[in-house]
Amino acid sequence: MNYHTRKWVKPEDLNPNQSLFGGKLLQWIDEEAALYAVIQLENKKVVTKYISEINFVSSAKQGDIIEIGIEVSAFGSTSLTLKCAVRNKMTHQTIITVERIVMVNLDEDGNPKPHGKTKVEFVKDRLINPS
Ligand SMILES: CCCCCCCCCCCCCCCC(=O)SCCNC(=O)CCNC(=O)[C@H](O)C(C)(C)COP(=O)(O)OP(=O)(O)OC[C@H]1O[C@@H](n2cnc3c(N)ncnc32)[C@H](O)[C@@H]1OP(=O)(O)O
């Protein structure tokens, strides 16, 4: 699992119990999954199709730094299935796990389109003259 993104838990991210609001966390995860899919599939038109069970393992509080990890579970024909975990940056304690997030690659009309990808690609390997 690669933890690419860090977030700092701010006052506006809290619920009335003063811990990180679950909906905010799910928004961050959906954005992370969408961006991961956009980059992997090299297409800006991707949508979230399915999100599996979500397990809130522990909470985060104001001032915590959390990191969002994504890994690919499967490449389908039009879909990309991802797995996500969020952990506390300092303690590495798991905050949430999401077993399956299915992103679908779309054409200009919003219909599923085969993406032709079969393995994870790294942006540096796509550059013509990597430094
Ligand atoms: C280089 C950098 C540039 C950066 C530049 C930034 C650009 C900035 C990017 C912004 C990125 C925004 C992304 C925001 C993310 C949202 O907010 S998306 C909004 C919420 N989602 C939606 O509105 C989706 C609504 N649903 C739909 O439109 C239709 O259901 C869909 C997605 C077109 C799929 O239609 P469908 O009839 O189910 O299609 P179907 O062919 O049966 O299935 C398609 C695939 O989904 C799979 N599937 C279908 N149903 C299920 C299910 N229940 N469970 C699991 N898989 C399923 C199928 O198995 C199939 O996969 P493959 O076998 O082809 O691999």
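Preceding this section is the structure that the text describes.
Please read all numbers here as calculations on a predicted model, not as lab measurements.

**Some words on a nonpolar patch on the surface**
Judged by side-chain polarity, Ile39, Val123 and Leu127 come together as a nonpolar surface patch covering roughly 260 Å² of accessible area. By secondary structure assignment, the location of valine 123 is in helix α2 (residues 123-126).

**With respect to the layout of surface pockets**
By volume, the largest pocket is sized at about 310 Å³. His4, Tyr36, Gln40, Glu121 and Phe122 are, among the 15 residues lining the largest pocket, the residues nearest its centre. Secondary-structure elements contributing two or more residues to the lining of the largest pocket are β1 (2-8), α1 (22-41) and β4 (65-75). Ranked by residue count, the leading element in the lining of the largest pocket is α1, at five residues. Partitioned by chemical class, the residues of the lining of the largest pocket number eight nonpolar, four polar and three charged.

**Here we look at the environment of arginine 100**
With respect to the helices and strands, the residue arginine 100 is situated in strand β6 (residues 94-105). Residue class for arginine 100 comes out partly exposed when judged on its relative accessible area of 40%.

**Describing the site of the ligand**
Taken together, 17 residues surround the ligand, and among them Thr48, Lys49, Ser77, Thr78 and Ser79 come closest. Threonine 48 is positioned with one of its backbone polar atoms (N or O) 2.9 Å from a nitrogen atom of the ligand. Here serine 79 contributes a side-chain N or O atom positioned 2.6 Å from an oxygen atom of the ligand. For the ligand, the protein covers 48% of the area, taking 1400 Å² as the surface of the free molecule. Elements supplying a minimum of two residues to the shell around the ligand: α1, β2 (46-51) and β6. Here the shell around the ligand takes five residues from β2, the largest share from any one element. In the shell around the ligand, the residues fall into nine nonpolar, six polar and two charged.

**A few points about the pattern of salt bridges**
In total, this model carries ten salt bridges according to the counting rule given. A salt bridge links arginine 126 to glutamate 42; the nearest nitrogen and oxygen atoms lie 3.8 Å apart. One end of the pair, arginine 126, is in helix α2; the other, glutamate 42, is in the loop between α1 and β2, with 84 residues separating them in the sequence. Note that lysine 124 is salt-bridged to aspartate 125, the shortest N-O span being 3.5 Å. A relative accessible area of 54% places lysine 124 in the exposed class. Using a relative accessible area of 54% as the deciding quantity, one classes aspartate 125 as exposed. Through salt bridges with shared partners, a single ionic network connects Glu42, Lys117, Glu121 and Arg126.

Rules used throughout
Residues numbered from 1 in each chain as written. Predicted model: local features only at pLDDT ≥ 70, side-chain atom pairs only at ≥ 80, totals over all residues. Heavy atoms only, no water. Patch = residues over 30% accessible without salt bridge, like charges linked within 9 Å, V, L, I, M, F, W, Y side chains within 5 Å. Areas by Shrake-Rupley, 256 points an atom, 1.4 Å probe, with all protein chains shown as cover. Salt bridge = Lys/Arg side-chain N within 4 Å of Asp/Glu carboxyl O. Helix = DSSP H or I, 4+ residues; strand = E, 2+ residues; numbered from the N terminus. 1 Å grid on protein atoms, 1.4 Å probe; cavity = no way out; pocket = protein on both sides within 12 Å on 5 of 7 lines; lining within 4 Å. Points joined across faces, edges and corners; volume = space filled by probe spheres on them. Nonpolar A, V, L, I, M, F, W, Y, C, P; charged D, E, K, R; others polar. Buried < 20%, exposed > 50% of the residue type's maximum accessible area, 1.4 Å probe, protein only. Near = heavy atom within 4 Å. Polar contact = N/O pair within 3.5 Å; in protein donor to acceptor, adjacent residues only side chain to side chain.

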